[in-house]
Amino acid sequence: MKSELFEQSNLEVQGQQRFGLQNAQMLRVTLGPDVLAVKGSMVAFQGQVQFHHEKAGSMGKLLKKMLTSEDMPLMRVAGQGEVFFANEGGYVYLVELDGSDGISVNGRNLLAFDAALAWDINRVKGPGIMAGGLFNTTISGVGTAALCTVGKPVVLDCSQQPTYVDVQAAVAWSANLVPDVVSSMNMKSMLRGGSGEAFQYAFHGPGFVVVQPYEFVPPANSGGSSGGPGGVIGDLFS
């Protein structure tokens, strides 16, 4: 049988690396220690592999998952073999964490990570109730995390000047950065239908922010912003 389908670039990548790219849009993980992955992200596996629902791990984290739209439905992947992960054809990038700094990730851009890494859901503070419910997932420790972007991203250096990013296009940023949520709305613009650019993350300091060329549709309960409910509930996580 002959076909361009069987060209070398489409054949399974062989290697000893635990986390690796099968191609630009597919992650390949060789199991040993367990891996945590977003439910539904597995597209294939070889060997003896088990998939288990991953509990939140603490009551505080469980409440955050229940009350915010940064609900990461995680599964624990265990066993021996190779597992392939992908998310709607998005581009996959590996981040090697060495314990010196963590990364804050939009849950919709997270694909998989070493189970030994610590993770939590944190609130990004902003002005007013509409922006009070922005949440991101912080990952830290020593290990590998795989992110998935819609389209090719850009990495912006926030140390030289203030950097503003649409909350629906922000993929991840240095965990040491503490962004503010700012609004570019004004009464004159609102009366004329708005600009479509209501809220942005404002970064300034040593670190980076990753931006994808795509804006996610805000969750229905967000009041036009990203993340979950604000106000009193948001204050629980500040």
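Residues numbered from 1 in each chain as written. Predicted model: local features only at pLDDT ≥ 70, side-chain atom pairs only at ≥ 80, totals over all residues. Heavy atoms only, no water.

### Some points on the sheet that holds strand β14 (residues 170–174)
Reasoning step 1: With antiparallel pairing, the six strands of this open sheet are ordered in space as β9-β10-β7-β14-β17-β12. Looking along the sheet, the strands with just one partner apiece sit at the ends: β9 (118–124) and β12 (154–157). Each adjacent strand pair in this sheet contributes to an overall mean axis angle of 25 degrees, direction not counted.
Reasoning step 2: Of the strand pairs in this sheet, β12 and strand β17 (residues 208–211) are connected by four bridges, and their pairing is antiparallel. Note that in β17 the partner of V154 across the bridge is V211. (Pairing = 2+ DSSP bridges. Helix = DSSP H or I, 4+ residues; strand = E, 2+ residues; numbered from the N terminus. Axes fitted to C-alpha atoms, helices over the stretch in contact; angles between N-to-C directions.)

### A closer look at the sheet that holds strand β13 (residues 163–166)
Strand pairing in a sheet relies on backbone hydrogen bonds, with the paired strands running either antiparallel or parallel.
Reasoning step 1: Sheet architecture is open: three strands sit in the order β13-β16-β15, paired in antiparallel fashion. Lying at the two open borders of the sheet, with one neighbouring strand each, are β13 and β15 (180–183). Between one strand and the next, the sheet's axes are offset by a mean angle of 40 degrees, whatever the strand orientation.
Reasoning step 2: In this structure, β13 lies alongside strand β16 (residues 199–203), joined through four bridges in antiparallel fashion. In the strand pairing of β16, Y164 is matched with A202.

### Topic: the nonpolar core
Reasoning step 1: If you look at the biggest cluster of nonpolar residues, it comprises 19 residues, and the most contacted ones within it are I103, V105, F113, W119 and I139.
Reasoning step 2: Counting 16 residues, the second largest nonpolar core, distinct from the first, contains L27, L31, M75 and A112. (Core = buried A, V, L, I, M, F, W, Y, C linked by side-chain atoms within 4.5 Å. Buried < 20%, exposed > 50% of the residue type's maximum accessible area, 1.4 Å probe, protein only.)

### Structural notes on the pairing of strand β5 (residues 74–85)
Reasoning step 1: The pairing of strand β2 (residues 26–30) with β5 spans four bridges and is antiparallel. Bridge pairing links L27 to F85 in β5.
Reasoning step 2: As paired elements, strand β4 (residues 42–53) and β5 share eleven bridges and run antiparallel to each other. Considered in β5, the bridge of H53 is made with M75.

### Remarks on the pattern of salt bridges
Reasoning step 1: Tallying each qualifying case throughout the model produces four salt bridges.
Reasoning step 2: Put simply, D114 and R18 hold a salt bridge, and the shortest N to O gap is 2.6 Å. Taken as a pair, D114 in strand β8 (residues 110–114) and R18 in the segment before β1 (19–23) lie far apart in primary sequence, 96 residues in all.
Reasoning step 3: Residues D34 and R76 are paired through a salt bridge, measuring 3.1 Å at the closest nitrogen-oxygen approach. Here the residue D34 occupies a position in the loop between β2 and β3 (35–38), and R76 occupies one in strand β5, the gap between them amounting to 42 residues.
Reasoning step 4: By relative accessible area, which is 26% here, D34 ends up partly exposed.
Reasoning step 5: Exposure remark for R76: the relative accessible area of 24% places this residue in the partly exposed category. (Salt bridge = Lys/Arg side-chain N within 4 Å of Asp/Glu carboxyl O.)

### Here we look at the confidence of the model for the protein chain
Reasoning step 1: When pLDDT is averaged along the protein chain, the result is 82; 74% of the residues meet or exceed 70.
Reasoning step 2: A low-confidence stretch, residues 128–132 (pLDDT under 50), is modelled with 14 contacts involving residues beyond four sequence positions or located in other chains.
Reasoning step 3: In this model residues 187–195 is a low-confidence stretch, pLDDT under 50, and it forms three contacts with partners more than four residues away in sequence or in other chains. (pLDDT = per-residue confidence, 0-100. Contact = heavy atoms within 4.5 Å.)

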